[in-house]
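Results of the structural survey
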Amino acid sequence: MGSATSKQGGEGGGDGSGADVQKNDGKAVYDVYGRRIDSEAEGNESKCPVDHAKYRALGGLDPRNQMPKEPNQQPAPGQRVPLSVSRSWSTIPKSGTDGTWLYPSPQMFFNALQRKGKAEGVEEGDMDSVVYVHNTMNEATWQEVQRWEAMHKDTCREPKLQRFRGRPDDLTPRARFWKLLGYEPPFDRHDWYVDRCGEVVRYVIDFYFDESKAGSPDAFLLDVRPGLDSIGNTMDRIRMTMREAAGSLQGNTEENQPVPATQTEAPGRAQMQAAKPSSCPMSSQSRVN
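Looking at the overall build of the protein
For the protein, the count of helices and strands is six helices and nine strands. Excluding contacts between residues fewer than 6 apart, the proportion of contacts in the protein whose partners are at least 24 apart in sequence is 60%. Roughly 14400 Å² of accessible area belongs to the protein as shown, and the carbon and sulfur atoms make up 52% of that amount.

This is the structure we're talking about:
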């Protein structure tokens, strides 16, 4: 889109679209669909595909999260069972605001699946569990991003998530490599754009699922790392590899502990345990390489 602050590429230029680490003016705010919705976009509607008139008709933007105050919470055509319209706040800081990202309700999630043509085989009764898993995986992803961002705490103590993009049909170079070796590919891929106090850095996330552990938190595994878009990102990946290798030599230290599958008081604040399944290339000691 015309007003975006970052280009979109593969893990290391996989689709040839160039670097993703750019200076951010601090004003860009995106919704969960990757559309810019801040005041600059509002005043330059010709540059942004967002239907601002529709947003205003829905009651404007909520200043806490820059999302429409009245999102689509209506039942989908043909829906047989009422779904909850309750939404949960994440712990993920949102760039351009003082708040955090707001998760979709089961009704919103179901509507999104219908809109994308991905609702086949999905029952209304599944949605609470689907939303729970979705929120839990996002919380775990952000905690993994924070591990990487901790290497920059001297220059940025509060990184925030600017926006994200789902790319389930685009294998990263690493996932493509493991697939060639006979491993199952990830079931999903996201690119997350993190505002590092004015610098936008793209992270690549591969989501794996171990069928043999279906129904358990251990079934979901995350592979989170900065995209190979810059020398800085490349150096971060080298530093993290060396740090985890040093941790392995010293024993099972905090640096290379498997991510625990624990549940805190708030729903969705669980992490995934990266244990090695037979169909996944990630091991418990190399969850983020």
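So, the state of the cysteines
Using the criterion set out here, one finds one disulfide in the structure. Across a sulfur-sulfur distance of 2.1 Å, Cys156 and Cys197 are joined as a disulfide pair. Judged by the sign of its S-S torsion, about 75 degrees, the bond between Cys156 and Cys197 is right-handed. In this pair, Cys156 is assigned in the loop between α4 (127–149) and β6 (160–166) and Cys197 in the loop between β7 (188–196) and β8 (199–209), connecting sequence segments 41 residues apart.

A short note on helix α3 (residues 106–115)
The element α3 is largely enclosed, with a buried count of eight among its ten residues. If you check which residues of α3 are buried, you get Pro106, Gln107, Met108, Phe109, Phe110, Asn111, Ala112 and Leu113. Buried positions along α3 lie against α4. One or two steps after α3, the chain reaches Gly117, where phi turns positive at roughly 70 degrees.

Things to note about the pattern of salt bridges
Side chains that differ in sign of charge can pair as their charged atoms come close. Overall, the coordinates contain 16 salt bridges when judged by the stated rule. For Asp223, the salt bridge is made with Arg225, and the minimal N-O distance between the two is 3.4 Å. By the burial criterion, Asp223 is buried, and Arg225 matches it. Connected via shared salt-bridge partners are Arg167, Asp170, Arg189, Asp191, Arg202 and Asp229.

Parameters at a glance
- Residues numbered from 1 in each chain as written.
- Predicted model: local features only at pLDDT ≥ 70, side-chain atom pairs only at ≥ 80, totals over all residues.
- Heavy atoms only, no water.
- Helix = DSSP H or I, 4+ residues; strand = E, 2+ residues; numbered from the N terminus.
- Contact = heavy atoms within 4.5 Å.
- Areas by Shrake-Rupley, 256 points an atom, 1.4 Å probe, with all protein chains shown as cover.
- Disulfide = S-S within 2.5 Å.
- Buried < 20%, exposed > 50% of the residue type's maximum accessible area, 1.4 Å probe, protein only.
- Salt bridge = Lys/Arg side-chain N within 4 Å of Asp/Glu carboxyl O.

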